[in-house]
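Breakdown of the fold
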Amino acid sequence: MLVRNSPVLPVRTDVRASLLAAARRVPFVLYGIICVCFGLAMYVFGILLVFPRYLLGLNQWLLAVDEWIVWYSGMPIMAGLTLSLIDLFVLFPGRRRAAEVRCDPVLPARITVALTAYNDEESIGPAVRDFLGHPLVRQVIVVSNNSSDATMARAQAAGALALNEAAQGYGRCVHRCLSEALRLGDGDLIVLCEGDRTFRAHDIDKFLAYAPHADIVNGTRTVEPLRQFSTQLSTFMYYGNIFVAKLLEAKHLGRGTITDVGTTYKLCRREALERLLPRLDPRVNLEFNAYFLDMALRNGLSLVECPITFHQRVGVSKGGNVDNLRALKVGCRMMLGIVFGWCRAAA
Ligand SMILES: Nc1nc2c(ncn2[C@@H]2O[C@H](COP(=O)(O)OP(=O)(O)OP(=O)(O)O)[C@@H](O)[C@H]2O)c(=O)[nH]1
Ligand SMILES: [Mg+2]
């Protein structure tokens, strides 16, 4: 018996192992969260139907539909919970088993800073001086995105190398910042940031403390005592951002803890950025930061978050934080990108 079965057993074990490995690549928790959210939305919609039923006298038409919606809202909720529990308790431990804590020193650190700018004449000078004042910063590059004010001149006057990106859009500006930092910088570390004074150079020291553990150290603005009261980030944006970040974390479960998908401020190792940048599409616009993190994890780079301080903007906001409606649209595009793939703006 034993002799007859022995060639079959390894084949069965192989099939089981490859099925398990394939299952571990599917983000079941992400799908689970989506199912639960869909079920909750159905339930709330069903509850709200009580108003047209009684206030508009539509009870006899809507009662059966309403009962169906509320009753069946339990199905996606249960399906979502099942998917999430299977992932968390069956697949997740296997995903994490090979995880090692990386400790790969980056000293002596030489840092190139690249700042985005778009009609930021009020803030760009102080931002450049702040970064040049950091003892490890060798060079500050400012990429102005067709600014029609004095952004370029003020960046140069403050000591930066100022360049213009002719193709409009936040994604294009960030992509150009990263390419120029790789091309012109001689440092092993590249810092990407905005020139609007929402971020400060002293937080580079916090990034450096985490740098040995990852390819990318991404700033997070979600640590309460570190954010100024009067920033553009409303309560809706604050919690919405955490929600989208958790969706992204669920997609790459076991690979990173993510609490902020909207910060530009990050530190990258040169060799990691050289691998990642050719795979990034600059046409992804205001949702570029979430896209960057998704692509970094998808391409096997390691990511660690670092709490940073967040300050009131100098000058007028033009990005995703203009108002809650715009932030909602950017957030929805981020969620669609995480689940279905990233949309590119027309060239
Ligand atoms: N929105 C936008 N920002 C651009 C563009 N090109 C470069 N940027 C820069 O990208 C950064 C993000 O835009 P901000 O206006 O700061 O928007 P935000 O960061 O979402 O919001 P706040 O900083 O809170 O006002 C800034 O440094 C801009 O100057 C562009 O075409 N559109
Ligand atoms: Mg900003």
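All values derive from a computational prediction rather than experimental measurement.

1. With respect to the coordination of the magnesium ion (ligand 2)
Around the magnesium ion (ligand 2), the donor atoms from the protein are E194 (OE) and D196 (OD), and they sit 1.9 to 2.1 Å away. Looking at D196, the relative accessible area reads 4%, which means it is buried.

2. Structural notes on the environment of N119
For N119, the location among the structural elements is in the loop between β1 (111-117) and α7 (121-132). A C-alpha to C-alpha distance of 29 Å links N119 and D294, two positions 175 residues apart in sequence. Ignoring sequence-local partners within four residues, the contact set of N119 consists of S147, S148, D149, T151 and K318.

3. Let's talk about the layout of surface pockets
Here the largest pocket defines a volume of roughly 860 Å³. Along its surface, the largest pocket is lined by 44 residues, and G262, L286, G319, G320 and N321 are the ones closest to its centre. Sorting the residues of the lining of the largest pocket by element identifies β1, α9 (170-184), α11 (235-251) and α14 (324-340) as the ones contributing at least two each. It is α14 that provides the largest number of residues to the lining of the largest pocket, a total of eight residues. Split by residue class, the lining of the largest pocket holds 19 nonpolar, 18 polar and seven charged. Roughly 580 Å³ of volume is contained in the second largest pocket. What lines the second largest pocket is a set of 22 residues, and nearest its centre among them are R96, A99, E100, G254 and R255. Put simply, the parts of the chain that give the lining of the second largest pocket at least two residues each are α6 (74-96) and β7 (303-307). Here the element with the most residues in the lining of the second largest pocket is α6; it accounts for three residues. Here the residues of the lining of the second largest pocket are counted per class, giving ten nonpolar, six polar and six charged.

Calculation notes
Residues numbered from 1 in each chain as written. Chains lettered and ligands numbered in written order. Predicted model: local features only at pLDDT ≥ 70, side-chain atom pairs only at ≥ 80, totals over all residues. Heavy atoms only, no water. Donors = N, O, S within 2.8 Å, 3.2 Å for Na, K, Ca; no water. Buried < 20%, exposed > 50% of the residue type's maximum accessible area, 1.4 Å probe, protein only. Helix = DSSP H or I, 4+ residues; strand = E, 2+ residues; numbered from the N terminus. Contact = heavy atoms within 4.5 Å. 1 Å grid on protein atoms, 1.4 Å probe; cavity = no way out; pocket = protein on both sides within 12 Å on 5 of 7 lines; lining within 4 Å. Points joined across faces, edges and corners; volume = space filled by probe spheres on them. Nonpolar A, V, L, I, M, F, W, Y, C, P; charged D, E, K, R; others polar.

No statement about biological role is implied by the geometric values presented.
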